[in-house]
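What the coordinates show
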Amino acid sequence: MSEQSAPAAPRTVHTHCPYCALQCGTRLTRARDGVSVEPSAFAVNQGGLCQKGWTAPEVLDVRDRLRRPLVRGADGELAPSDWDTALDLVAGRLRELRDEHGPDAVGVFGGGGLTNEKAYLLGKFARVALGTSRIDYNGRFCMSSAAAAGNAAFGIDRGLPFPVTDLGRADVVLLAGANPAETMPPLMRHLDRAELIVVDPRRTPTAGRAALHLRPAPGTDLALALGLLHLTVVEGHLDHAYLRDRTTGFDPAWQRAVAWTPERTERVTGVPVADQRAAVRLLAGARRAYVLTGRGAEQHSKGADTVSAFINLALALGLPGRNGSGYGCLTGQGNGQGGRELGQKADQLPGYRSITDRRARAEVAAVWGVPARSLPGPGPSAYELLDSLGTADGPRALLVFGSNPVVSAPRAGHVAERLAALDLLVVADFVPSETARMADVVLPVAQWAEEEGTLTNLEGRVLRRRPLMDPPAGVRTDLEVLRGLAVRLGQPADRFPDRPREVFEELRRATRGSRADYSGISYARLDGGEALHWPCPDRGGIGTPHPGTPRLFLDRFAHPDGRARFLAVDHRDAAELPCAEYPLTATTGRVLAHYQSGAQTRRVPSLTKAEPEAYVEIHPDTARRAGLADGALAEVTSRRGSVVARVRLVKGLRADTVFLPFHFAGRGRANLLTGGALDPRSGMPEFKVSAVRIGPA
Ligand code: SF4
């Protein structure tokens with residue numbers, strides 16, 4: 001129980017889980033004996049929660065909760081301070097650095113878990129109060145490949161362009177690199193009826209429930225998607241009427257796929273011809289079918305092309321934009337959708353609009369009350385930003401909100417070195433994360449059940465987060481922090497509201513007329529129980545309010561000609577292939593008990609009991625050759641660094657592959673292995689393929 005006195009009578013609020021993009025609905029109750037949670041009847045989770053959701057109240061009262069600002073002293077130690085001292089110090093240093101080196105000397109790193117209001121105000125703070133182009137966020141590591149591919153194909157990117165509940169009517173669902181049985185278990189309720197085709201090098205819990213499990217070698221999903229398109233065409237499953245009426249660009253895409261015969265696809269991916277054929281026949285024979293991608297397909301240096309290839313397959317079968325069928329991406333972070341459309345991306349303004357679009361700049365600048373010419377241009381993507389810290393051309397200071405890149409960024413050892421090279425690192429968080437522990441100034445902020453706001457879940461539905469309690473004494477909200485800094489940097493206070501409702505009213509105006517239009521959504525409508533998916537334009541009080549758009553593309557796609565576009569893509573190797581020195585491929589992912597960098601879940605006793613330490617899954621034959629027994633400590637080494645992890649023998653894994661969860665810190669940080677190769681279309685790093693060797697620790 002927090003230090004606040006318990007209420008005389010129990011108090012309950014309807015809110016949502018603080019973790020993943022499913023945003024399961026919860027009833028949160030505070031009584032004399034503490035905070036408890038129950039699932040609500042929210043359509044997405046239908047009374048279900050996973051292990052993380054059930055234990056979420058424990059995060060509210062973690063032992064090392066930050067309650068006072070911390071400032072690093074002359075002795076090199078972080079020491080408690082007060083808010084005025086901390087904010088004055090930060091603003092003073094930012095002004096000095098900006099005056100000396102220019103506005104791009106300051107960078108901002110945001111997060112896909114920040115509420116819509118925070119993501120919006122953070123983007124505005126960077127562009128207006130700091131004047132920097134150096135802002136990006138950890139969603140670049142999560143959703144960017146699918147976003148780039150979705151925009152190219154459909155003219156708009158919304159994780160699922162249909163409600164999650166539509167999946168419940170599906171006959172067949174192909175899941176490429178997604179493991180919802182472990183990462184978002186309540187989603188599986190909607191997949192009970194469907195036959196599943198799972199594309200994954202591991203036999204995950206989701207693959208264990210599949211009618212068909214395709215196990216491509218890591219980094220070859222794109223070749224597999226091309227092979228499936230090839231079979232779709234040669235076996236006569238192409239939907240010619242759909243292609244004619246609703247798409248463009250099939251021929252160039254087919255020119256690439258024509259070479260991907262089943263035999264060649266088997267040679268490159270390892271997926272037998274019979275399994276390829278079975279997958280295509282299942283999909284093509286279904287009345288209602290979906291193709292869904294997840295991080296396994298997306299986190300590659302060719303991630304956007306891989307998603308484009310799966311979208312091409314879905315288009316060839318005539319699925320997207322058909323009621324009861326489609327393509328979608330299973331977003332990862334809690335506000336992965338809202339976080340990427342409201343202005344904290346390096347190249348975007350609120351409403352998913354390009355920062356280079358003159359009209360968008362003028363409209364957003366008018367809402368912000370600044371000249372359009374004062375807004376900076378696009379900046380580097382997340383890894384490029386981190387890689388440039390402290391260099392001659394890079395930022396000298398970084399402000400981090402809602403992210404823990406020391407654990408979650410690729411090439412994590414190098415990223416930690418870049419952070420250490422800064423003149424000023426400021427971290428706003430509610431626990432001393434690995435990144436906060438490196439900071440010069442740590443700002444303690446409120447967390448999920450202590451604040452209100454909105455988030456947008458994986459189906460583009462805007463949800464209310466409601467406060468159950470006040471933050472502990474000494475803690476401020478991120479919005480209050482941004483306002484406090486903005487004012488100290490010379491901004492008028494009323495340009496940076498710190499009440500979530502006011503910020504939401506402003507972001508409604510800033511997204512008006514955009515593809516991700518929130519202007520018709522209000523707290524009052526959401527509190528009235530309406531299910532509002534963007535786009536939801538404001539009708540200005542004329543007629544009934546817009547009902548939102550649960551299903552996109554039923555009549556037309558969002559490109560000016562209304563058609564979806566095939567993209568001509570081809571397979572290429574991963575940036576790094578196994579070799580004599582590093583003969584195995586390491587791939588990374590999530591486990592049921594933990595979330596993202598683990599900064600929250602590693603502090604929950606029952607979750608750490610379930611998954612206490614870093615581990616490496618390895619095939620028994622591979623382990624034997626490496627001299628490793630089940631339960632031993634192994635050292636996994638790539639060209640970037642080494643990880644020490646507990647061996648788990650897993651027969652369902654490819655013998656050429658090892659798997660490490662990425663939630664752990666210290667020597668167990670899986671991202672000590674990953675590299676900095678980036679997807680040229682999206683800026684996504686290659687998290688899923690690293691050449692490694694393994695041996696006893
Ligand atoms: Fe929370 Fe996601 Fe688990 Fe639902 S599935 S309870 S949103 S972590």
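Rules used throughout
- Residues numbered from 1 in each chain as written.
- Predicted model: local features only at pLDDT ≥ 70, side-chain atom pairs only at ≥ 80, totals over all residues.
- Helix = DSSP H or I, 4+ residues; strand = E, 2+ residues; numbered from the N terminus.
- Rg over C-alpha atoms; globule rule 2.2 N^0.38 Å.
- Buried ≥ 20, exposed ≤ 12 C-beta atoms within 10 Å, placed from the backbone.
- Contact = placed C-beta atoms within 7 Å.
- Domains from an automatic or database assignment.
- Nonpolar A, V, L, I, M, F, W, Y, C, P; charged D, E, K, R; others polar.
- Near = placed C-beta within 6 Å.
- Pairing = 2+ DSSP bridges.
- Axes fitted to C-alpha atoms, helices over the stretch in contact; angles between N-to-C directions.
- Parallel < 35°, antiparallel > 145°, perpendicular 65-115°, else oblique.
- Left-handed = near helix turned anticlockwise from the far one by under 90°.
- Core = buried A, V, L, I, M, F, W, Y, C linked by C-beta atoms within 7 Å.
- Expected span 1.5 Å × (residues − 1).
- UniProt positions renumbered as here; feature names shortened; annotations may be inferred.

1. Quick look at the overall build of the chain
Looking only at helices and strands, the chain features 23 helices and 27 strands. Scaling as 2.2 N^0.38, a compact globule of 697 residues should have a C-alpha radius of gyration of about 26 Å, and the chain matches this with 24 Å. Scored against the burial criterion, the 697 residues of the chain give a buried share of 59%. A separation threshold of at least 6 residues defines the contact pool for the chain, and within that pool the share at least 24 residues apart is 71%.

2. Quick notes on unusual backbone geometry
Cis geometry marks the peptide bond from Trp534 to Pro535; its omega dihedral reads -5°. Positive phi, close to 50°, is recorded for Arg411, a residue that is not glycine. Mapping Arg411 onto the fold places it in the loop between helix H17 (405-408) and helix H18 (412-420). The buried category is assigned to Arg411, around which 26 C-beta atoms lie within 10 Å. With a phi close to 75°, Phe553 is a non-glycine residue in the positive phi region.

3. Quick look at the domain arrangement of the chain
How big an interface is tends to be stated in terms of accessible area lost as the parts join. Segmentation of the chain into domains returns domain 1 (11-61), domain 2 (70-141 + 335-445 + 477-499), domain 3 (144-330), domain 4 (512-551) and domain 5 (584-696). Each of domain 2 and domain 3 has a C-alpha centre, and the two are 36 Å apart. Every contact between the two is made by four residues of domain 2 and, on the other side, four residues of domain 3. Considered class by class, the residues forming the side of domain 2 that touches domain 3 number no nonpolar, two polar and two charged.

4. Let's talk about the site of the ligand
Near the ligand lie 14 residues; those nearest to it are Cys17, Cys20, Cys24, Cys50 and Gly53. Considering only residue class, the shell around the ligand consists of 10 nonpolar, three polar and one charged. The residue makeup of the shell around the ligand includes at least three contributed by each of domain 1 (11-61) and domain 3 (144-330).

5. Observations regarding the sheet that holds strand S17 (residues 424-429)
Judged by pairing direction, the sheet is mixed, and its seven strands sit side by side in the order S5-S4-S18-S17-S16-S6-S7 without closing on themselves. Unpaired on one side and paired on the other, strand S5 (78-80) and strand S7 (135-137) mark the two borders of the sheet. Taken over all neighbouring pairs, the strand axes of this sheet differ in orientation by 20° on average, direction set aside. As judged from the five bridges shared by strand S16 (residues 397-401) and S17, these two strands associate in the parallel manner. Its bridge partner lying in S17, Val400 is registered against Val427. Where helix H3 (residues 116-130) meets the sheet, its contacts fall on strand S6 (106-110), S7 and S16, and the angle it forms with S6 comes to roughly 175°.

6. Describing helix H4 (residues 144-154)
Within H4, 10 of the 11 residues are buried, leaving the element largely enclosed by the surrounding structure. Of all the positions in H4, only Ser144, Ser145, Ala146, Ala147, Ala148, Ala149, Gly150, Ala152, Ala153 and Phe154 are classed as buried. Where H4 is buried, its residues touch strand S12 (289-293), helix H12 (295-298), helix H13 (303-316), strand S13 (326-329), helix H14 (336-341) and strand S21 (564-565). Just downstream of H4 lies Gly155, where phi reads positive at about 85°.

7. Concerning the packing of H3 against helix H19 (residues 478-488)
Two elements in contact, H3 and H19, have axes whose closest approach is 10 Å; the angle formed by their N-to-C orientations is 15°. In this view, H3 runs roughly parallel relative to H19, as classed from their interaxial angle. Crossing of H3 over H19 shows left-handed handedness. Where H3 approaches H19, its residues Glu117, Lys118, Leu121, Leu122, Phe125 and Ala129 are matched on the opposing element by Asp478, Leu479, Leu482, Leu485 and Ala486. Classifying every residue of the contact of H3 with H19 by side-chain character gives eight nonpolar, no polar and three charged.

8. Considerations on the pairing of strand S26 (residues 657-661)
Counting buried positions over the five residues of S26 gives five, a clear majority of the element. Burial along S26 is two-sided: the face carrying Thr657, Phe659 and Pro661 and the face carrying Val658 and Leu660 are both buried. Across five bridges, the pairing between strand S22 (residues 584-589) and S26 is parallel. When the bridges of S26 are listed, Thr588 appears paired with Leu660.

9. Quick word on the pairing of strand S23 (residues 615-618)
The side-chain alternation of S23 yields two buried faces, one formed by Tyr615 and Glu617 and the other by Val616 and Ile618. Bridge analysis of S23 against strand S25 (residues 642-649) gives four bridges, and the strand direction is parallel. Counterpart to Tyr615 in the pairing with S25 is Arg646.

10. Observations regarding the nonpolar core
Counting 211 residues, the largest nonpolar core has Val173, Phe310, Leu313, Val426, Val636, Val658 and Leu660 as its most contacted members. Here Val636 is in contact with Ala586, Val616, Ser642, Val643, Ala645, Val658, Leu660, Leu673, Val692 and Ile694, once residues within four sequence places are set aside.

11. Digging into the environment of Val441
Structurally, Val441 can be placed in strand S18 (residues 441-444). For Val441, a count of 23 C-beta atoms within 10 Å gives the class buried. Distance in space between the C-alpha atoms of Val441 and Gly73 is 9.7 Å, their sequence separation being 368 residues. If we ignore the near neighbours within four places in the chain, the residues touching Val441 are Pro69, Val71, Ala86, Leu89, Val90 and Val426.

12. Section: the environment of Leu375
Along the chain, the position of Leu375 falls in the loop between helix H15 (358-368) and helix H16 (382-388). For the pair Leu375 and Lys124, spaced 251 residues apart in the sequence, the C-alpha separation amounts to 9.6 Å. Ignoring any residue separated from it by four or fewer positions in sequence, one finds Leu375 in contact with Arg127, Arg361 and Ala365.

13. Some thoughts on the sheet that holds S13
One open sheet accounts for five strands, arranged S10-S9-S8-S12-S13; its pairing is parallel. A strand with exactly one partner marks an edge of an open sheet, and here the two such strands are strand S10 (212-214) and S13. Between one strand and the next, the sheet's axes are offset by a mean angle of 15°, whatever the strand orientation. Judged from the five bridges that link them, strand S8 (residues 172-176) and strand S9 (residues 195-199) form a sheet pairing that is parallel.

14. Section: H3
Helix length check: H3 (15 residues) gives 20 Å between terminal C-alpha atoms against 21 Å at 1.5 Å per residue, within 8%. Where burial is concerned, most of H3 is hidden: 15 out of the 15 residues are buried. Two residues or fewer past H3, Gly131 is found with a positive phi of approximately 70°.

15. Overview of the UniProt feature "domain: 4Fe-4S Mo/W bis-MGD-type" (unreviewed entry) in the chain
Per the UniProt record, "domain: 4Fe-4S Mo/W bis-MGD-type" (unreviewed entry) is found at residues 10-62. Strand forms 36% of residues 10-62 and helix 8%; the C-alpha atoms that close the span are 21 Å apart.

16. Looking at the packing of helix H7 (residues 221-234) against H13
Running from N to C, H7 and H13 point in directions that differ by 15°, and their axes come no closer than 8 Å. Of the possible angle classes, the one that applies to H7 and H13 is roughly parallel. H13 is crossed by H7, and the crossing has left-handed handedness. Note on element contacts: H13 touches H7 through Asp305, Thr306, Ala309, Phe310, Asn312, Leu313 and Ala316, opposite Asp221, Leu222, Ala225, Leu226, Leu228, Leu229, Thr232 and Val233.

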